[in-house]
Amino acid sequence: MEKPDLSTQRLIIRRFTLDDAEEVFALASDPIIGRMAGWPPHRTVDDSIDFIEKGMVRGDLYGLFSRTTGGMIGCIELFRDPEILRKGPKDAEVGYWIGTRYWNQGYATEALNCMLEYAASSGIPKVWGQTLTDNPASARVLIKCGFKLDHRSLSENPTLGEVIVDFYSISLKRRAK
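Note that the structure is predicted; figures quoted are calculated from it, not measured. (Residues numbered from 1 in each chain as written. Predicted model: local features only at pLDDT ≥ 70, side-chain atom pairs only at ≥ 80, totals over all residues. Heavy atoms only, no water.)

Colleague: Could you give an account of the pairing of strand E8 (residues 161–171), naming the residues involved and the relevant values?
Modeller: The element E8 is largely enclosed, with a buried count of nine among its 11 residues. Here strand E7 (residues 148–157) pairs with E8 via nine bridges, running antiparallel. Paired with Ser153 across the strands is Val165, a residue of E8. (Buried < 20%, exposed > 50% of the residue type's maximum accessible area, 1.4 Å probe, protein only. Helix = DSSP H or I, 4+ residues; strand = E, 2+ residues; numbered from the N terminus. Pairing = 2+ DSSP bridges.)

Colleague: I'd love a proper account of the sheet that holds strand E5 (residues 92–98), names of residues and values included.
Modeller: In spatial order, the strands read E1-E2-E3-E4-E5-E6-E8-E7; together these eight strands make up an open sheet with mixed pairing. Because the sheet does not close on itself, it has two edges, and the strands there are strand E1 (6–7) and E7. As defined by bridge partners, strand E3 (residues 61–66) adjoins strand E4 (residues 72–79) across five bridges and the pair is classed as antiparallel. Bridged to Leu61 within E4 is Glu77. Relative to E4, helix H1 (residues 21–28) is tilted by about 95°, and along the sheet it contacts E3, E4 and E5. Of the strands in this sheet, E1, strand E2 (11–15), E3, E4, E5, strand E6 (126–132) and E8 are in contact with helix H4 (residues 107–121), which crosses E4 at around 35°. (Contact = heavy atoms within 4.5 Å. Axes fitted to C-alpha atoms, helices over the stretch in contact; angles between N-to-C directions.)

Colleague: Lay out the packing of H1 against helix H3 (residues 45–58) in plain terms, naming residues and giving numbers.
Modeller: Interaxial distance between H1 and H3 falls to 8 Å at its minimum, and their mutual angle equals 110°. Considered as vectors, H1 and H3 are oriented roughly perpendicular to each other. Taken together, the residues of H3 that come into contact with H1 (itself represented by Ala21, Glu22, Val24 and Phe25) are Val45, Ser48, Ile49, Phe51 and Ile52. (Parallel < 35°, antiparallel > 145°, perpendicular 65-115°, else oblique.)

Colleague: Can you tell me about unusual backbone geometry, naming the residues and giving the values?
Modeller: Comment: phi is negative for the bulk of residues other than glycine, and the bulk of peptide bonds are trans. Residue Asn104 is not a glycine yet carries a positive backbone phi of 60°. Its place among the elements puts Asn104 in the loop between E5 and H4. For Asn104, a relative accessible area of 78% gives the class exposed.

Colleague: With reference to specific residues and values, describe the nonpolar core.
Modeller: The nonpolar side chains of a soluble globular protein tend to be buried with one another. One finds Ile76, Leu112, Val127 and Phe147 to be the most contacted residues of the largest nonpolar core, which totals 46 residues. Looking at this core, the element that brings in the most residues is H4, giving nine residues. Beyond its immediate chain neighbours, meaning those up to four positions away, Ile76 contacts Ile13, Asp60, Leu61, Tyr62, Leu64, Val94, Gly95, Tyr96, Ala111, Leu112 and Met115. (Core = buried A, V, L, I, M, F, W, Y, C linked by side-chain atoms within 4.5 Å.)

Colleague: Tell me about the pattern of salt bridges, and please be specific about residues and values.
Modeller: Applying the stated criterion across every chain yields a total of five salt bridges. Between Lys54 and Asp50 there is a salt bridge, and its shortest N-O distance comes to 3.1 Å. Of this pair, Lys54 and Asp50 both sit in helix H3, four residues apart, which is roughly one turn of that helix. Given the relative accessible area of 46%, Lys54 is considered partly exposed. The partner of Arg152 in a salt bridge is Asp166, with the nearest N and O atoms 2.4 Å apart. With Arg152 in strand E7 and Asp166 in strand E8, this pair connects stretches of sequence that are 14 residues apart. Taking the relative accessible area as the measure of exposure, Arg152 reaches 54% and is therefore exposed. (Salt bridge = Lys/Arg side-chain N within 4 Å of Asp/Glu carboxyl O.)

Colleague: Tell me what's going on with the pairing of E3, and back it up with residues and numbers.
Modeller: Most of E3 sits inside the fold, with six of its six residues counted as buried. Where burial is concerned, the two faces of E3 agree: the one with Leu61, Gly63 and Phe65 and the one with Tyr62, Leu64 and Ser66 are both buried. Strand direction decides the pairing type here: E2 and E3, joined by five bridges, are antiparallel. Paired with Ile12 across the strands is Phe65, a residue of E3. Between E3 and the antiparallel strand that follows it, E4, lie five residues; Gly70 among them carries a positive phi value of about 80°.

Purely geometric stuff here, so don't read any function into it on its own.
Written as structure tokens, this is what we have:
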């Protein structure tokens, strides 16, 4: 099934193409982004091409682009891979990152609310999100969008080593009421 492009008042949320690799690299090469997202910064445009190609296979990786400038702001993904940590077989997990120069402007909240509407319309009953405990800004985005803290655990991250992760969830059936 072809995934739709989405949009908000300020964002065009669309599937990446390989033509976006330079813009992905410009943002994802920032070590702060990698650290907060739990992966190493992109070292070359080839890293960004690999990121895009893997996202194309998974299916729900979207770039966040400004309606005003057309430039990339970040990305968001709705994971439905059965190997990810989640409680129910129809649940999904959301992940997102925003380029540092676009922080504190509401883009993550706007994109996440849009993705939750898409998830609800796709029949997904519950969405999970996780943040490193030292990334309170991301936790605030989840909470603003209605997520509740479910649990905290010690996890092994291949890039960061041992980290404490907070797991949040939202019932989309309750959110619709």
